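Architecture at a glance
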Amino acid sequence: MSEVVSSSDFQSKVLDAQGPVLVDFFATWCGPCKMLAPTIDEIAGEQAGKATVYKLDIDQSPDIAQKYGVMSVPTLIVFENGQVKKQAVGVQPKQNILSMLA
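Residues numbered from 1 in each chain as written. Predicted model: local features only at pLDDT ≥ 70, side-chain atom pairs only at ≥ 80, totals over all residues. Heavy atoms only, no water.

Regarding the UniProt feature "site: Deprotonates C-terminal active site Cys" (unreviewed entry) in the protein
UniProt records the feature "site: Deprotonates C-terminal active site Cys" (unreviewed entry) at Asp-24, using the numbering of this structure. Along the chain, the position of Asp-24 falls in strand E2 (residues 21-26). (UniProt positions renumbered as here; feature names shortened; annotations may be inferred. Helix = DSSP H or I, 4+ residues; strand = E, 2+ residues; numbered from the N terminus.)

Side note on the state of the cysteines
Covalently bonding the sulfur atom of one cysteine to the sulfur atom of another cysteine gives a disulfide. The full count for this structure, using the stated rule, is one disulfide. Two residues share a disulfide in this structure: Cys-30 and Cys-33, whose sulfurs sit 2.4 Å from each other. Judged by the torsion about the S-S bond (80°), the Cys-30/Cys-33 disulfide is right-handed. Across the pair, Cys-33 and Cys-30 agree in class, each one buried. (Disulfide = S-S within 2.5 Å. Buried < 20%, exposed > 50% of the residue type's maximum accessible area, 1.4 Å probe, protein only.)

Description of the pairing of E2
Taken across its six residues, E2 has six buried, putting it largely inside the fold. Residues Val-21, Val-23 and Phe-25 line one face of E2 and the alternating positions Leu-22, Asp-24 and Phe-26 line the opposite face, and both faces are buried. Judged from the six bridges that link them, E2 and strand E3 (residues 52-57) form a sheet pairing that is parallel. The residue bridging Asp-24 from the neighbouring strand is Lys-55, located in E3. In terms of strand pairing, E2 meets strand E4 (residues 75-80) through five bridges, oriented antiparallel. Bridge pairing in E4 links Asp-24 to Leu-76. (Pairing = 2+ DSSP bridges.)

Things to note about the UniProt feature "active site" (unreviewed entry) in the protein
The positions UniProt marks with the feature "active site" (unreviewed entry) are Cys-30 and Cys-33. Overall, Cys-30 belongs to the buried group, its relative accessible area being 4%. Setting aside its immediate chain neighbours within four residues, Cys-30 contacts Val-73 and Pro-74. Here Cys-33 shows up in helix H2 (residues 31-46). A relative accessible area of 4% places Cys-33 in the buried class. Excluding its chain neighbours within four sequence positions, the residues that come into contact with Cys-33 are Phe-26, Ala-27, Val-73 and Pro-74. (Contact = heavy atoms within 4.5 Å.)

Topic: the nonpolar core
One finds Phe-10, Val-14, Val-23, Phe-25, Tyr-68, Val-70 and Phe-79 to be the most contacted residues of the largest nonpolar core, which totals 22 residues. Mapped by element, the contributors of at least two residues to this core are helix H1 (10-15), E2, E3, helix H3 (62-67) and E4. The dominant element in this core, judged by the number of residues it contributes, is E2, at four residues. Contact partners of Val-23, with chain neighbours within four places excluded, come to Phe-10, Val-14, Tyr-54, Leu-56, Thr-75, Leu-76, Ile-77 and Phe-79. In this structure, Leu-36, Ile-43, Ala-88 and Ile-97 belong to the second largest nonpolar core, which totals 14 residues. (Core = buried A, V, L, I, M, F, W, Y, C linked by side-chain atoms within 4.5 Å.)

And the structure:
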């Protein structure tokens, strides 16, 4: 299961992390986000030790969503060394998400 990150720990958990970090920007009211959630949790389990996976609720942390220009959910962003490496909007097939982490 992927952990939820918020504005207060985004810097330490995502930007200061070693290796790739996938952040799923979601909203509790978003249907496509709910469809994508099992895939994100699966990837979190499979990538343990290689990449870190977090979810960020845009309604709880609107400042972070705004900072990274998240206009629609789900939005997936891969960070590496505190920088945005790759980004995708909408429900993605598992293979696409894995290739973002490669």
